[in-house]
Amino acid sequence: MEPFLMKPKIDFAFKEIMNDETALRGFLSAVLGLKAEEIQSVKIQNTDLRKVHTDDKQGILDVNVLMNDNTEIDIEIQLSELRIWPERSTFYLAKKFVDQIKEGEPYSVLKKCVSISILDFELFKEEESFYSRFHIAEDTRHFIYTDKVEFHVIELPKLPEAIQENSSDILLWAKFFAAEKKEDFEMLAEMNTGISSAYQRLQVISQDDMMRQEYEARMKAVRDQNQYVIEAEERGIEKGIETGQKILIESMLHSMSIEEIARLTKMPLSHIKQIIER
């Protein structure tokens with residue numbers, strides 16, 4: 001029986017892995033297109049699960065990283081589908097950008113802010129690539145307006161099945177976050193030093209009883225949230241069907257009996273009577 005291993009994409013496990021400096025450096029160098037040695041220092045400012053609004057039940061992880069050149073990086077991992085993700089990530093990055101400056105300070109104090117989103121759902125459904133990078137640029141000539149804000153989006157469901165020898169580091173990291181089997185972790189660890197360190201950290205936390213309890217609690221919260229979304233959608237569909245039937249019956253009642261409506265719509269007579277009573 002293989003030893004238990006947490007899923008890296010569960011936010012609790014992801015947070016603990018990012019606490020490993022070698023793993024964090026490796027991941028940032030892959031996403032930002034830098035060599036690991038170019039990142040002289042990283043500092044995790046906050047590794048708590050952020051809950052800004054009382055109705056925010058997503059359990060979105062916020063790892064704030066202050067790099068040696070003062071770039072601020074917001075890393076978030078999201079498991080449940082959230083269609084307004086672009087608006088949400090823009091809101092939080094804009095807030096991070098604005099919060100840097102105090103009254104009376106010049107705009108030159110503003111540092112570059114980068115958002116990295118790892119999503120376990122398809123955000124850009126018309127696009128095939130799993131990785132997208134965004135800047136604020138001119139519409140037709142595409143030159144950069146400012147490099148002070150930058151967005152990176154990794155969509156895990158779009159990952160290719162196979163890994164090639166020349167696969168990019170960012171693909172290897174994405175495959176690591178999506179992996180669940182020991183053999184996949186070991187293969188990826190052999191291909192990338194940062195991932196090797198991340199895998200070692202994953203093995204350690206997976207065998208810690210207290211951490212496993214916290215991980216299981218987060219897994220339960222994710223499952224409960226997903227079930228809530230499914231049931232809410234089902235209730236919405238049922239409500240929509242009932243509303244449509246009500247409108248149809250009301251319009252038909254002007255010219256025919258409920259018996260005729262039942263015959264034409266194939267709805268039970270008792271069901272039509274219930275809708276009319278409501």
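Residues numbered from 1 in each chain as written. Predicted model: local features only at pLDDT ≥ 70, side-chain atom pairs only at ≥ 80, totals over all residues. Heavy atoms only, no water.

A. The arrangement of the overall build of the chain in detail. Helix and strand counts for the chain come out as nine helices and six strands. A separation of at least 24 residues holds for 59% of the contacts in the chain among residues at least 6 apart in sequence. In the structure as shown, the chain presents an accessible area of about 16,500 Å², 51% of it carried by carbon and sulfur atoms. (Helix = DSSP H or I, 4+ residues; strand = E, 2+ residues; numbered from the N terminus. Contact = heavy atoms within 4.5 Å. Areas by Shrake-Rupley, 256 points an atom, 1.4 Å probe, with all protein chains shown as cover.)

B. Highlighting the environment of E21. With respect to the helices and strands, the residue E21 is situated in helix α2 (residues 21-32). For the pair E21 and V42, spaced 21 residues apart in sequence, the C-alpha separation works out to 7.5 Å.

C. Representation of the pattern of salt bridges within the structure. Under the criterion given, the structure shown has 17 salt bridges. The residue E81 makes a salt bridge to K125 at a minimum N-O spacing of 3.7 Å. Placement of E81 in the loop between β3 (72-78) and α3 (85-98) and of K125 in the loop between β4 (113-119) and β5 (131-137) is noted, with a sequence separation of 44 residues between them. With a shortest N-O distance of 3.9 Å, R212 and E216 are connected by a salt bridge. Taken together, the residues R212 and E216, both in helix α7 (residues 209-252) and four residues apart, mark about one turn of the helix. Residue R212 is classed as partly exposed on the basis of its relative accessible area, which comes to 34%. Its relative accessible area of 32% is what places E216 among the partly exposed residues. Among the ionic contacts, a cluster of salt bridges with common partners joins K15, E16 and R201. (Salt bridge = Lys/Arg side-chain N within 4 Å of Asp/Glu carboxyl O. Buried < 20%, exposed > 50% of the residue type's maximum accessible area, 1.4 Å probe, protein only.)

These figures come from the coordinates and say nothing about function on their own.
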